[in-house]
Amino acid sequence: DAGITQSPRHKVTETGTPVTLRCHQTENHRYMYWYRQDPGHGLRLIHYSYGVKDTDKGEVSDGYSVSRSKTEDFLLTLESATSSQTSVYFCAISGTGTFLYEQYFGPGTRLTVT
Amino acid sequence: GDSVTQMEGPVTLSEEAFLTINCTYTATGYPSLFWYVQYPGEGLQLLLKATKADDKGSNKGFEATYRKETTSFHLEKGSVQVSDSAVYFCALLFNQAGTALIFGKGTTLSVSS
């Protein structure tokens, strides 16, 4: 299994509060991703990173920001949480070499915004 | 745009039954195709993949063949077990580093003994 951890695993927060989710990898891989999973939508990309301090937007990036100051950590921040951001958030990393075009997922963070 | 369509679930089977979960895709290029599995309360695990037309991916008794002519990647297993109960996602990915997986909505499989 790819060494990916996410924290926290569960969080309940109030509308309007800032929230930061952390993804940590032990694989030293270059590419990291944040997805959200919602019923009836599968998973959709929020942001991704292609190196330290190098990030780009995905399909559903509005209301989210990311940062990557170290190879192993990729942070997702909700500046002011809204109820529409209640979801399960998954971090993923790409493989390397012949596995570059595969993605491996962390265990997820269930976020509830009340 | 590029998309993946899976059969609606839930799919309910008895142990040892044959499983098919249909997946078709729309893509402007030549993506790799994947099946991921998600067990309750867990993240997604890569089950199998195929990178070009006519490739067959296989793992743990599951198989899927990349059919370019029908733009399909149907998942099959000859004899399901209760432990196969999970949500299955079909996905495509273009072979460019940093691109997003495009997922279907998922199909829930429930196997009873």
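Residues numbered from 1 in each chain as written. Chains lettered and ligands numbered in written order. Predicted model: local features only at pLDDT ≥ 70, side-chain atom pairs only at ≥ 80, totals over all residues. Heavy atoms only, no water.

Caption draft 1: The overall build of chain B, seen in detail. Counting its regular elements, chain B contains 0 helices and 12 strands. Secondary structure elements in chain B, listed N-terminal to C-terminal, are β-β-β-β-β-β-β-β-β-β-β-β. For chain B, whose C-alpha radius of gyration is 14 Å, the value lies close to the compact-globule estimate of 13 Å for 113 residues. For chain B, the C-alpha atoms occupy an extent of roughly 40 × 30 × 20 Å along the three principal directions. Per-residue burial for chain B yields a buried fraction of 44% across its 113 residues. Residue pairs at least 24 apart in sequence account for 56% of intrachain contacts in chain B once pairs closer than 6 positions are excluded. For chain B, the exposed area adds up to about 5,300 Å²; of that, 47% sits on carbon and sulfur atoms. (Helix = DSSP H or I, 4+ residues; strand = E, 2+ residues; numbered from the N terminus. Rg over C-alpha atoms; globule rule 2.2 N^0.38 Å. Buried < 20%, exposed > 50% of the residue type's maximum accessible area, 1.4 Å probe, protein only. Contact = heavy atoms within 4.5 Å. Areas by Shrake-Rupley, 256 points an atom, 1.4 Å probe, with all protein chains shown as cover.)

Caption draft 2: Seen up close, the sheet that holds strand β3 (residues 19-21) of chain B. Residues and elements named next belong to chain B. The sheet built from 4 strands is open, its strands ordered β3-β9-β8-β7 with antiparallel pairing. Of all strands in the sheet, those with a lone pairing partner are β3 and β7 (56-59), marking the two edges. Each adjacent strand pair in this sheet contributes to an overall mean axis angle of 15 degrees, direction not counted. Here 4 bridges tie β7 to strand β8 (residues 62-65), and the two strands are oriented antiparallel to one another. When the sheet's bridge partners are listed, G57 is paired in β8 with A64. (Pairing = 2+ DSSP bridges. Axes fitted to C-alpha atoms, helices over the stretch in contact; angles between N-to-C directions.)

Caption draft 3: Summary view of unusual backbone geometry. At the junction of A:S7 and A:P8, the peptide bond is cis and its omega measures out at -10 degrees in the coordinates. Among the secondary structure elements, A:P8 is positioned in the loop between β1 (4-7) and β2 (10-13). The linkage connecting B:G9 with the following residue, B:P10, adopts the cis geometry, with an omega of 0 degrees. Position of B:P10 among the secondary structure elements: in the loop between β1 (3-6) and β2 (11-14). Its identity is not glycine, yet B:D54 carries a phi of approximately 75 degrees, on the positive side. Judged by its relative accessible area of 54%, B:D54 is exposed.

Caption draft 4: Representation of the interface of chain A and chain B in the model. Tallying the contact residues gives 21 residues for chain A and 21 residues for chain B. At the boundary of chain A and chain B, one finds 1 salt bridge. As a salt-bridge pair, A:E102 and B:K49 come within 2.5 Å of each other at their nearest N and O atoms. Where chain A meets chain B, there are 5 residue pairs in polar contact (both at pLDDT 80 or more). When residues of the side of chain A that touches chain B are traced back to their parent elements, those giving at least two are β4 (32-38), β5 (42-51) and β10 (103-105) of chain A. Take the side of chain A that touches chain B: its biggest share by element is 4 residues, from β5(A). (Salt bridge = Lys/Arg side-chain N within 4 Å of Asp/Glu carboxyl O. Polar contact = N/O pair within 3.5 Å; in protein donor to acceptor, adjacent residues only side chain to side chain.)

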